[in-house]
Amino acid sequence: MDNERGTVRSAQAGVTNAPPDRARLPRSRRPVGEPTAPGSSSPWILMYHSVAVEEEDPYQLTVSPERFAEQIAWLHRRGRRGVSVRELMRARAQGRGDRLVGLTFDDGYADFARYAVPILQAYGFTATAYVVADLLGQDNGWDTEGPRKELLTVEEVTELAASGWEIGSHGLGHQALPGLPADVLAMQTRESRRLLEEVVDGPVTGFCYPYGAVDLPAALAVRDAGYDYACAIAHSPLTGRFALPRCYVGDRDGTWRLRAKKGRHQLRDAVAELRRVRKGGRT
Ligand SMILES: [Zn+2]
């Protein structure tokens, strides 16, 4: 509870310090906690990591290709289209996007290109892969207990971006951002962006917090590094453009569980929106 109250105070401070005329702000000065579109709820964004056949999966990061295909087919049957978060944000800014679902893949596992991409392509879906900028071509050494998984190489990331898949930053070294000194936060956000923009030969506008861990200094660092949005996991007082909540999807999630998770997202979003409105009324 203490932590939560502390974060609320910090979030309020960030919003209060923002200049009054938001409409004229360049993108990078948008207040943290701003909804993604005026008066709207958070978009539904699914969070995946690895799509592969895995015997051992202590962090529950892996969805089998069969299960993944079933989940994507379900979205398609429901009249929904899976898209990158970049496309989702653009659509929402234009007042459309009701039928869109964000599809995200954290860590940049090589199996994204091998298993996820062909299945997504079959439905005309897109997605975002958040890669660790300084670990391309290496493995997930940060997960000490899990099986080693290969990460996408520089060449693969270049090819994916050229084919229209959004590549976003997952920082440097897969390090949690909260608690890091300001200069390290700036390095994590700016340097990872610079490295990836070279690899994709274009703008990198999305960030994804390692471990979903975000606090106000981290969100401000991401905003000030020039990103357009950032993905977190949980709903929080920072929920908004720079802390988008996402729904974890695992190998146990058949269509009934996915449906239930959609309902849970809407409920959490309604509670977060209520808190945001009440907070706004007090400041
Ligand atoms: Zn990660």
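First, a word on what this report is: a plain description of the structure on this page. (Residues numbered from 1 in each chain as written. Predicted model: local features only at pLDDT ≥ 70, side-chain atom pairs only at ≥ 80, totals over all residues. Heavy atoms only, no water.)

1. Notes on the coordination of the zinc ion
The expected angle between donors at a tetrahedral four-coordinate metal is 109.5 degrees. At an octahedral six-coordinate metal it is 90 or 180 degrees. Distances from the zinc ion to its protein donors, Asp-107 (OD), His-170 (NE2) and His-174 (NE2), fall within 2.0 to 2.1 Å. On the primary sequence, the residues serving as donors to the zinc ion are separated as D-x62-H-x3-H. Since its relative accessible area comes to 1%, His-170 is described here as buried. Among the residues examined, His-174 registers a relative accessible area of 6% and is labelled buried. (Donors = N, O, S within 2.8 Å, 3.2 Å for Na, K, Ca; no water. Buried < 20%, exposed > 50% of the residue type's maximum accessible area, 1.4 Å probe, protein only.)

2. Digging into the nonpolar core
Within the largest apolar cluster, 54 residues are counted, with the highest numbers of intra-cluster contacts made by Phe-68, Leu-103, Phe-105, Phe-112, Leu-120 and Tyr-209. Looking at this core, the elements with two or more residues in it are β1 (45–48), α2 (65–77), β5 (100–107), α4 (111–122), β6 (128–131), α5 (154–162), α6 (182–200) and α7 (216–224). Core analysis: the next-biggest nonpolar cluster, separate from the first, contains 12 residues, Val-85, Leu-88, Leu-100 and Cys-231 among them. (Core = buried A, V, L, I, M, F, W, Y, C linked by side-chain atoms within 4.5 Å. Helix = DSSP H or I, 4+ residues; strand = E, 2+ residues; numbered from the N terminus.)

3. Brief notes about α7
Those residues of α7 lying buried are Leu-216, Ala-218, Ala-219, Ala-221, Val-222 and Arg-223. Two or three places before Ala-218, at the opening of α7, Asp-215 has a side-chain oxygen 3.1 Å from that residue's backbone nitrogen. Remark: Gly-226 follows α7 within two positions and exhibits a positive phi of approximately 95°. (Polar contact = N/O pair within 3.5 Å; in protein donor to acceptor, adjacent residues only side chain to side chain.)

4. Topic: the side chain of Asp-143
When you line up the elements, Asp-143 lands in the loop between β6 and α5. In contact with Asp-143, other than residues within four places in its own chain, are Tyr-59, Leu-61, Tyr-109 and Arg-148. (Contact = heavy atoms within 4.5 Å.)

5. Points about the side chain of Asp-106
Checked against the element boundaries, Asp-106 lands in strand β5. Beyond its immediate sequence surroundings of up to four residues, Asp-106 is in contact with Met-47, Tyr-48, His-49, Tyr-130, His-170, Cys-208 and Arg-246.

6. Describing the packing of α2 against α4
In contact at an axis separation of 10 Å, α2 and α4 are set at 25° when each is read in the N-to-C sense. Judged by the inter-axis angle, α2 sits roughly parallel to α4. As α2 packs across α4, the resulting crossing turns out to be right-handed. Contact residues: α2 offers Pro-65, Phe-68, Ala-69 and Ile-72, while α4 offers Tyr-115, Ala-116, Ile-119 and Leu-120. The residue inventory of the contact of α2 with α4, partitioned by class, reads 8 nonpolar, no polar and no charged. (Axes fitted to C-alpha atoms, helices over the stretch in contact; angles between N-to-C directions. Parallel < 35°, antiparallel > 145°, perpendicular 65-115°, else oblique. Left-handed = near helix turned anticlockwise from the far one by under 90°. Nonpolar A, V, L, I, M, F, W, Y, C, P; charged D, E, K, R; others polar.)

7. Here's the deal with the environment of Met-47
By the secondary structure assignment, Met-47 is in strand β1. A relative accessible area of 4% places Met-47 in the buried class. Placed 203 residues apart in sequence, Met-47 and Gly-250 show a C-alpha to C-alpha distance of 8.9 Å. Apart from residues lying up to four places away in sequence, Met-47 is in contact with Thr-104, Asp-106, Ile-233, Arg-246, Cys-247, Tyr-248 and Val-249.

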